[in-house]
Amino acid sequence: MSSMTTLAMPLTPVAPGRWTTLAGPEWSNPGGGLWGGYAIGLCIRVLEAEPEAVGEALSLTLTYAAGLPSGDLDVRTRRLRQGGSIGVWEVEISAAGSDQVGVHGVVTMARRPNTPDFAFATMPAAPDPESLPSPEAPGDAGRHYGASAFERRTLEGFPPAPSGDSRSLAWVRSRRGPLDKALLGMITDNSAPRAMYALGPSIMTTTLSLTAYLHATVEELAEVGDDFILVECEGRVGGGGASDERSSYWRRDGKLLATSEQLAWYREVRRGSPE
């Protein structure tokens, strides 16, 4: 069977609704396991390759049921419903040969009609990304959390520290070619967990669920090309081990490209008593 490669995500169809792929170690978190943004991109990429899927990714909700290792993965796609303009798909990602689902996604695919545009939200004021220091490209040791895929120039709120304010602003652009739906989806998991802005960076945290709304059409994303987009992120509440965050993603001209909501699980790291 033939295979196709996009964004270092080689997808090989093995049966109807069944695929395999290889997730390289550059997509792993420092503590092990795949970065959550990789699964977002993979869900979008596999439906772009799915011959029965119609339209483009409009929204997706991922539940991170278990950690996924780098290496070979099995991917399952299933159409739940197809209407005239809207189709709903299920995607499951598992370690190769495992019967335990690591990531479960529900993705809405849509044919985008021509309708009048409107906007209530306003892009926050921010200096041009060119006025900010350019970070060095990550070496082998720094290719984690999507650093190999994205360049990030922070304006405020990084590194995370307890301050009473969870808001952060950063310009982000792709290192892997022009912005598209999969890359935009991956950027929605490119900000530090908001619990760190309350309790400090030493907490342990993992994403439970993430919903991304990809407002921009394929054509509107094509206008971004290799340019930066502005990421605005903030948290609202945390307690009982769960912490939320919401984010907005803006084109340089003020066009709102995407929004996202995320729920993370967190706990404090207990330090051992000195001997």
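Calculation criteria
Starting afresh in each chain, residues are numbered from 1 along the sequence in its written order. Owing to the predicted nature of the model, reporting of local features is limited to residues with pLDDT of at least 70; listing and counting of side-chain atom pairs is limited to 80 or more, with chain, interface and lining totals taken over all residues. Note: side-chain values were computed over all heavy atoms of the structure, leaving out hydrogens and water. Working definition: helices are DSSP H or I runs of at least four residues, strands are E runs of at least two. Numbering for both runs from the N terminus. Here the globule rule is a power law, 2.2 Å times the number of residues to the power 0.38, and the radius of gyration is based on C-alpha atoms. Note on classification: 1.4 Å probe, protein chains only; a residue is buried when its accessible area is under 20% of the maximum for its type, exposed when over 50%, partly exposed between these limits. Should any heavy atoms of two residues lie within 4.5 Å, those residues are considered in contact. For accessible areas, the Shrake-Rupley method is used with a probe of radius 1.4 Å. Any residue's cover is judged against the shown protein chains and nothing else. His is not counted here, nor are the chain ends, while Lys and Arg score as positive and Asp and Glu score as negative. The atom standing in for a charge is NZ when the residue is Lys, CZ when it is Arg, CG when it is Asp and CD when it is Glu. Strand pairing requires that DSSP identify at least two bridges connecting the strands. By convention in these notes, a salt bridge is any Lys or Arg side-chain nitrogen within 4 Å of a carboxyl oxygen on Asp or Glu. Under the pairing criterion, centres of Phe, Tyr and Trp rings, with the six-membered ring standing for Trp, must be within 6.5 Å; the plane angle then separates stacked pairs below 30 degrees from edge-to-face pairs above 60, leaving the rest tilted. By definition here, a helix of n residues has an expected span of 1.5 Å times n minus one. Values of pLDDT, which run from 0 to 100, indicate the predictor's confidence residue by residue. The criterion is simple. A nonpolar core is a set of buried Ala, Val, Leu, Ile, Met, Phe, Trp, Tyr and Cys residues joined through side-chain atoms within 4.5 Å.

Peer 1: Before we move on, can you summarise the overall build of the chain with the specific residues and values?
Peer 2: When helices and strands are tallied, the chain shows four helices and 14 strands. For 275 residues, the compact-globule estimate of 2.2 N^0.38 gives 19 Å, and the chain sits close to it at 19 Å. For the chain, the residues scored as buried account for 45% of the 275 residues in total. In the chain, once contacts between residues fewer than 6 apart in sequence are set aside, the share between residues at least 24 apart is 66%. On the chain, roughly 13,600 Å² of surface is accessible, and the fraction owed to carbon and sulfur atoms is 52%. Within the chain, one finds 25 positive and 33 negative side-chain charges whose respective centroids are separated by 2 Å.

Peer 1: Lay out the pairing of strand S5 (residues 71–82) in plain terms, naming residues and giving numbers.
Peer 2: Sheet analysis places strand S3 (residues 18–23) next to S5, joined by six bridges and oriented antiparallel. Looking at S5, one finds that Thr-20 is bridged to Asp-74. Examined bridge by bridge, S5 and strand S6 (residues 86–95) share nine bridges and lie antiparallel to one another. In the strand pairing of S6, Arg-76 is matched with Glu-92.

Peer 1: Tell me what's going on with the pattern of salt bridges, and back it up with residues and numbers.
Peer 2: In total, this model carries 19 salt bridges according to the counting rule given. Residue Arg-45 is joined to Glu-48 by a salt bridge in which the shortest nitrogen-to-oxygen separation is 2.8 Å. With a gap of three residues between them, Arg-45 and Glu-48 both fall in helix H1 (residues 36–49), about one helical turn apart. Linking Glu-220 and Lys-255 is a salt bridge whose minimum nitrogen-to-oxygen distance equals 3.4 Å. Of the two residues, Glu-220 is situated in helix H4 (residues 218–222) and Lys-255 in the loop between strand S13 (242–251) and strand S14 (256–267); the sequence distance between them amounts to 35 residues. On the accessibility criterion, Glu-220 (17% relative accessible area) is buried. We classify Lys-255 as partly exposed; its relative accessible area is 24%. Among the charged side chains, a network of salt bridges with common partners joins Arg-76, Arg-78, Glu-90 and Glu-92.

Peer 1: Residues and numbers for the packing of aromatic side chains, please.
Peer 2: If you walk through the whole model with that rule in mind, you get four aromatic pairs. Between the aromatic rings of Trp-27 and Tyr-38, the centroid separation amounts to 5.5 Å while the plane-to-plane angle is 45 degrees, which identifies the pairing as tilted. Here the residue Trp-27 occupies a position in the loop between S3 and H1, and Tyr-38 occupies one in helix H1, the gap between them amounting to eleven residues. When its relative accessible area of 1% is taken as the criterion, Tyr-38 is described as buried. Centre to centre, the rings of Trp-35 and Phe-150 are 6.4 Å apart; their planes meet at 75 degrees, and the pair counts as edge-to-face.

Peer 1: Describe the pairing of S14, listing the residues and the values that go with them.
Peer 2: Bridge analysis of strand S10 (residues 204–213) against S14 gives nine bridges, and the strand direction is antiparallel. Note on S14: the bridge partner recorded for Thr-211 is Glu-261. With nine bridges joining them, S13 and S14 adopt antiparallel strand pairing. By the bridge assignment for S14, Ala-242 is matched with Trp-265. Linking two consecutive strands that pair antiparallel, namely S13 and S14, is a turn of four residues; a positive phi of about 100 degrees is found at Gly-254 within it.

Peer 1: Break down H1 for me, citing the residues and quoting the values.
Peer 2: Helix length check: H1, at 14 residues, gives a terminal C-alpha distance of 21 Å against a target of 20 Å (1.5 Å per residue), a fit within 8%. With 13 of 14 residues buried, H1 is to be regarded as a mostly interior element.

Peer 1: Give a detailed account of the confidence of the model for the chain, specifying residues and quantitative values.
Peer 2: Looking at the chain as a whole, its pLDDT mean stands at 90, while 91% of the residues score no less than 70. Throughout residues 1–6 the model reports pLDDT below 50, and contacts reaching past four residues in sequence, or to other chains, amount to 13 contacts.

Peer 1: Lay out the environment of Thr-108 with the relevant residues and their values.
Peer 2: Mapped onto the elements of the fold, Thr-108 is located in strand S7 (residues 103–110). The class of Thr-108 is buried, set by a relative accessible area of 18%. With 79 residues separating them along the chain, Thr-108 and Ile-187 place their C-alpha atoms 18 Å apart. Excluding residues within four positions of it along the chain, Thr-108 makes contact with Glu-56, Ala-57, Leu-58, Ser-59, Ile-86 and Gly-87.

Peer 1: Give a description of the nonpolar core that names residues and reports values.
Peer 2: If you look at the biggest cluster of nonpolar residues, it comprises 50 residues, and the most contacted ones within it are Tyr-38, Leu-60, Ile-93, Leu-179 and Leu-184. Of the residues forming this core, the biggest block, nine residues, is contributed by H1. Among all residues touching Tyr-38, those that are not within four sequence positions of it are Met-9, Thr-21, Leu-22, Ala-23, Trp-27, Leu-73 and Met-186. In this structure, Met-123, Leu-132, Leu-169 and Leu-230 belong to the second largest nonpolar core, which totals seven residues.

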